[in-house]
Amino acid sequence: MKLLQEQTQKLKIGESLIIQTASRLLIPFIQLFGLYVIVHGHYSPGGGFQGGVILGASFVLLALAFDQKFSMQYMSEKTSGLLANTGALIFVGTGTLCAIFGGLFLHYSALDVLIPLGPIEWRSFGIFIVEVGVGLAVMSNMAILFWVLGSNGEMDEGL
Amino acid sequence: MTVPNLHIYVLAAPLLTAFFVNLFGRRSNTVIAILTIGSLTFSSLASLVVMSGILKHGQINYVVGNWQAPYGIELVVDHLSALMLVLISVVALLASMSALKSVSQEVPGREHQLFTLYLILIAGLMGLVLTGDTFNLYVMLEITSITAYGLIAMGKGRAPLASFNYVIMGSVGACFYLLGVGYLYLMTGSLNMADIYQILQTMDGGAAVATAFAFILIGLWIKMAFFPLHGWLPNAYSLAPTGVALIAAPLMTKVTIYLMVRVMFSVFSAEYNFVQHQLAQNIIVWTAAVGIICASAMALAQRDLKRMLSYIIVAEVGYMVGGIWLANETGMTGAILHIVNDALMTLCLFLAVAAIIYRLGSCEFDQLQGIYRKMPITMAAFTVGAFSMIGIPPTAGFFSKWYLLLGGIEAGQWGYVVALLFSSLVNAILFFRIIEIGFFHRDGEPHSHEEAAKAPLSMQIPLMVSAATLIIIGLSSGSLVDAIIKLTIPIGF
């Protein structure tokens, strides 16, 4: 406790020790839950969008409890731009790959040619790949939206 | 590559490239140029192959992800959508060649962001013409609109405000469309256009279907800036970066008119549109006529070339909506031919404007004195575009306007005919005024603006190509109508 108190005083950011400590405890679990929602999305309630929002919310909580600069240490503006692009690219790329390997657009069973898992397994696995892409894109866009709106586009300490 | 997927590759090429542009375009503009031009060239060629395939074998029905229609998303490529696909990819290719230069001058340092949105916008437009599903159409409509909001907001000065205005109007339009689709879904239990068409034939929809029809039409009218709902357009297009206006002005309104045709004839039927709602038909043609006259009059009041062209676009929307609602084959032919012609002439004029702005920094009328001397090639192409807009015979604009006039006379809609003639006269005044300023007014006083740069070859070539296309299409419009446009007329005429 003393250690934490000293750390926060050194950092001189954020509102209160209680919120910061609670956030420090919560954020790993929030992120884990986000991953869980993404990974289980294709056969149970959840999915890339929902999981991405939960992951993005963890960065928002970080920015609220400490400050925006602090949260951007964990995922910089550039990284989140890259992740958003990669996510969208995974989605479109998977769809196009299916078309190139002889199926229809987004017809995942066609990817069986690439790695023989069986067409039905590929149906499920293809959705999983797409969900990961969606999750990445939504997570980084959530964080960016909050940063931009919270700091008037300056990308400084923010709220 | 399998051929059945070709039209998907037309769409996927710009969409995939958009993300590569953002990832690798940060460093140098050459990468952006190669990726953009490369993908759009591929799309143009592929769309031409798709078009010739359609002409040979007829319509393609395609199901995304192999989920069968009516439950999955169906893409339908018929003659009309193949024609629009060719139009979009070719116009996008020509526009982006010029936009690359114009953007690096106007929005330096943010080219990779702008071109990412630009390519997604193009992919969205292609998706709009391919889709055969009413809800998918809504999604694509939002993709194009949201990218356009972002692109317009990148302009200088009051552009963010204009974009915000567009956001409000555009969202209202999208909500109206979605509400209409909701009503249809309530009544028919389907979202697939062909399926809804079949179900509506067998049922008496009554007020609910009529409400759906009205909501969908008004939603699309807001998006296409049909006269009383056009408020967002002039500011949005004239304040946007010139490179963005290059793609938005020729394509977005025209594609929305295509959507209106699609909804009217693939979801509802000609009989439903014209026979059951005769009063509505009259009102719409008269609104179009009033719209043409008002927009032309407002164009007269402008002192800036880009703003003037924006108002002309609003008038042109009136031409096409009126032409479609004339409810005869001549009017319909004219309207569809005019979609093609208007896209090309708007492109030609905006390419000329982009070259002028690149050189002079602005395109207010006072700046244009002696412009014919300074930029003879640009202005020659501009004159061709202007003649087409007025409707002088060898150029394309004349022929579609002729069809529209004949259609108006055939339908006995004299108000519409008078509006068309009035608008042609106003266009003549508008463009001859510019020709007079540019040709006869020698610049007595030196320019207030520093000349920014000479318009490079990559802006001149698409300009000349588009001007040449106007004349070629004009001269061959008889065969174009017989070979393609005749086949695109929806059934029911």
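Bear in mind that the values here come from a model prediction, so they are computed numbers and not experimental data.

### Section: the overall build of chain A
Then, in step 1: A tally of helices and strands in chain A yields six helices and zero strands.
Then, in step 2: Of all 159 residues assigned to chain A, the portion counted as buried reaches 39%.
Then, in step 3: The contacts in chain A between residues at least 6 apart in sequence include a share of 60% that link residues at least 24 apart.

### Focus: the interface of chain B and chain A
Then, in step 1: The interface is formed by 15 residues belonging to chain B together with 15 residues belonging to chain A.
Then, in step 2: At seven residues, helix α1 (residues 6-24) of chain B tops the list of elements feeding residues into the side of chain B that touches chain A.
Then, in step 3: Taken together, the residues of the side of chain B that touches chain A break down into ten nonpolar, five polar and no charged.

### Section: the nonpolar core
Then, in step 1: Counting residues in hydrophobic clusters, the biggest one holds 233 residues, and the most contacted among them are Ile88 and Cys348 of chain B.
Then, in step 2: Among the elements that line this core, the one with the most residues is helix α14 (residues 329-360) of chain B, at 22 residues.

### Some remarks on the confidence of the model for chain A
Then, in step 1: Per-residue pLDDT for chain A has a mean of 85; in total, 89% of the residues score no lower than 70.
Then, in step 2: Across chain A, helix α2 (residues 17-39) of chain A holds the top mean pLDDT of 91, while helix α1 (residues 2-11) of chain A sits lowest at 64.

### Concerning the environment of Val31 of chain B
Then, in step 1: Position of Val31 of chain B relative to the elements: it lies in helix α2 (residues 29-57).
Then, in step 2: Among residues more than four places away in sequence, those in contact with Val31 of chain B are Phe24 and Gly25 of chain B.

### Thoughts on the packing of helix α3 (residues 79-106) of chain B against helix α20 (residues 477-488) of chain B
Residues and elements named next belong to chain B.
Then, in step 1: Interhelical geometry of α3 versus α20 gives an angle of 120° and a closest axis separation of 7 Å. The orientation of α3 with respect to α20, classified from their angle, is oblique. On the side of α3, the interface is formed by His79, Leu80 and Leu83, while α20 contributes Ile484, Leu487 and Thr488.
Then, in step 2: Of the residues in the contact of α3 with α20, the class split is four nonpolar, two polar and no charged.

### Remarks on the environment of Met298 of chain B
Then, in step 1: Mapping Met298 of chain B onto the fold places it in helix α12 (residues 278-300).
Then, in step 2: In sequence terms Met298 of chain B and Leu11 of chain B are 287 residues apart; their C-alpha atoms lie 37 Å from each other.

### A short note on unusual backbone geometry
Then, in step 1: Residues other than glycine seldom take positive phi values, yet Leu106 of chain A does so here, at roughly 65°.
Then, in step 2: As for its placement among the helices and strands, Leu106 of chain A is situated in the loop between α5 (77-100) and α6 (119-150).
Then, in step 3: The class of Leu106 of chain A is buried, set by 25 C-beta atoms lying within 10 Å.
Then, in step 4: A positive phi is found at Ala327 of chain B, a non-glycine position, where the angle reads about 65°.
Then, in step 5: Along the polypeptide, Ala327 of chain B turns up in the loop between α13 (305-325) and α14.
Then, in step 6: In this structure Ala327 of chain B comes out as buried when scored by C-beta crowding, with 20 C-beta atoms within 10 Å.

### A word on the confidence of the model for chain B
Residue and element names in this part refer to chain B.
Then, in step 1: Per-residue confidence for chain B gives a mean pLDDT of 87; residues scoring 70 or more make up 96%.
Then, in step 2: In the model of chain B, helix α11 (residues 270-275) stands out as the element of lowest mean pLDDT, 78, in contrast to helix α5 (residues 134-153), which has the highest, 93.
Then, in step 3: At the level of chain-chain contacts, confidence expressed as ipTM amounts to 0.87, with global pTM at 0.92.

### Some points on the packing of helix α17 (residues 396-411) of chain B against helix α18 (residues 414-439) of chain B
All names here are of chain B.
Then, in step 1: Here α17 crosses α18 at 155°, and the two axes come no closer than 8 Å. Here α18 runs roughly antiparallel to α17, going by the angle between their axes. Note on element contacts: α18 touches α17 through Tyr416, Val417, Leu420 and Ser424, opposite Lys401, Leu404, Leu405, Gly408 and Ile409.
Then, in step 2: Broken down by class, the residue content of the contact of α17 with α18 amounts to six nonpolar, two polar and one charged.

Definitions and limits used
Residues numbered from 1 in each chain as written. Chains lettered and ligands numbered in written order. Predicted model: local features only at pLDDT ≥ 70, side-chain atom pairs only at ≥ 80, totals over all residues. Helix = DSSP H or I, 4+ residues; strand = E, 2+ residues; numbered from the N terminus. Buried ≥ 20, exposed ≤ 12 C-beta atoms within 10 Å, placed from the backbone. Contact = placed C-beta atoms within 7 Å. Nonpolar A, V, L, I, M, F, W, Y, C, P; charged D, E, K, R; others polar. Core = buried A, V, L, I, M, F, W, Y, C linked by C-beta atoms within 7 Å. pLDDT = per-residue confidence, 0-100. Axes fitted to C-alpha atoms, helices over the stretch in contact; angles between N-to-C directions. Parallel < 35°, antiparallel > 145°, perpendicular 65-115°, else oblique.

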